[in-house]
Amino acid sequence: MVTDANFKRRTHDRDPGADAAHHTASRTDAAAVEIGLNAAIVAVIDDEPVVLVIRNDAEPVSVDGLPFGPFSPVAHKTLESGLRTWVEEQTGLGLGYVEQLYTFGDRGRHAEPDDPSLHVVSIGYLALTEAGHARDLQHGSWRSWYQYFPWEDWRKGKPEILSAEIEPRLKRWAQSPAPVRPVQREDRVRICFGLEGGAWDEEKVLDRFELLYEAGLVEEARRDGREAAALWGSPFPRLGAPMRFDHRRILATAIGRVRAKIKYRPVIFELMPDDFTLFELQKTVEAILGPHLHKQNFRRLVESAGLVETTGEVKTQTGGRPAKLFRFRREVLLERPAPGVRVKAVRG
């Protein structure tokens, strides 16, 4: 396995001046600020939403992380080109669809303990790739994003981890003394997790993770030395697999973004092969959103919205009757300003 140190050494070997330029431009003695580029690369493989992760085996305790690297204004013409360079070097994967997510600059979310001599500003990106391209991976691994956020997977009904672990602990935390805020803890828990008759909003992935972090219920909070994490004692709750630095926070942002965006832009087709059945399309949408969708309603919605057109061919290897093959109808981009898959979830 290639380590982060090897990645940096490769870059500097390619351009002898890049090392000095990088330290001069992106990390100064006065400001001690480094710009990091992070990629949440998403695919759907065998009906499972997966994210590309890498590990640094040189670390004492190796955990999953997103592909990332520092931005160099000399070696990289733009932020996005820098991201594409790092991803290709670290994984061998050439990126297609990419969009910038957010800039993360909170101190203490990138390393532990807080280092007053260094501040890392992380720029997160969302990238989507089709499963066929995802199998060309040279380094790294594809992991279900529900390994990191098991409470987000509603495809078989309400996740047990919510009732057994998360909700009781959050209620206990919400009732403890706290500083006065415009929205109190009880209301924030109710809104984010859909308690007491509230509705679960699949797009609030980051809000839920941030609340769990604030309550000290995720490993990253304990690792970062947050006081709330010390209150839970031992054994510490295991709420999904942790990630290095603030990468789980970036992944939460990516999941929320793609869940929202498929409803008003046809980005779901970035995850599909050229030809597909409507059942395959439905399973991909379900994988991304989390809940089960009503089959007939989904098909009527997709066809009536003009998002797809038949190829005239059928797929025989379906385990049942032959199914019609469809493709994305690109003309829809010129016909409507928001041609997304506006589905309504059916929750258990």
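All values derive from a computational prediction rather than experimental measurement.

> Please provide a residue-by-residue account of the overall build of the protein chain, values included.
Along the backbone of the protein chain there are 13 helices and eight strands. Counting only residues that meet the buried cut, the protein chain has 50% of its 348 residues in that class. Expressed as a percentage of contacts within the protein chain between residues at least 6 apart in sequence, the contacts between residues at least 24 apart total 66%. For the protein chain, the exposed surface amounts to about 16800 Å²; the carbon and sulfur share of it is 50%.

> An account of the packing of helix H11 (residues 278-289) against helix H12 (residues 295-304) is needed here, citing residue identities and associated values.
Across the interface, H11 lies against H12 with an axial gap of 10 Å and an inter-helix angle of 105°. As judged from the angle between their axes, H11 and H12 are roughly perpendicular. Each of Leu 278, Phe 279, Leu 281, Gln 282 and Val 285 in H11 lies in contact with H12, whose residues at this interface are Lys 295, Phe 298, Arg 299, Val 302 and Glu 303. A per-class count over the contact of H11 with H12 returns six nonpolar, one polar and three charged.

> Kindly report on the pattern of salt bridges, identifying the contributing residues and their values.
Counted according to the given criterion, the structure contains 21 salt bridges. In this structure, the salt-bridge partner of Glu 99 is Arg 257, at a minimum N-O distance of 2.3 Å. Here Arg 257 lies in helix H10 (residues 247-261) and Glu 99 lies in strand E4 (residues 97-104), a separation of 158 residues in the sequence. What makes Arg 257 partly exposed here is its relative accessible area of 25%. Here Glu 99 and Lys 261 are joined by a salt bridge, their closest N and O atoms 2.8 Å apart. Of the two residues, Glu 99 sits in strand E4 while Lys 261 sits in helix H10, which places them 162 residues apart along the sequence. You'll find Glu 99 and Lys 261 in the same group, each marked buried.

Parameters and conventions
- Residues numbered from 1 in each chain as written.
- Predicted model: local features only at pLDDT ≥ 70, side-chain atom pairs only at ≥ 80, totals over all residues.
- Heavy atoms only, no water.
- Helix = DSSP H or I, 4+ residues; strand = E, 2+ residues; numbered from the N terminus.
- Buried < 20%, exposed > 50% of the residue type's maximum accessible area, 1.4 Å probe, protein only.
- Contact = heavy atoms within 4.5 Å.
- Areas by Shrake-Rupley, 256 points an atom, 1.4 Å probe, with all protein chains shown as cover.
- Axes fitted to C-alpha atoms, helices over the stretch in contact; angles between N-to-C directions.
- Parallel < 35°, antiparallel > 145°, perpendicular 65-115°, else oblique.
- Nonpolar A, V, L, I, M, F, W, Y, C, P; charged D, E, K, R; others polar.
- Salt bridge = Lys/Arg side-chain N within 4 Å of Asp/Glu carboxyl O.

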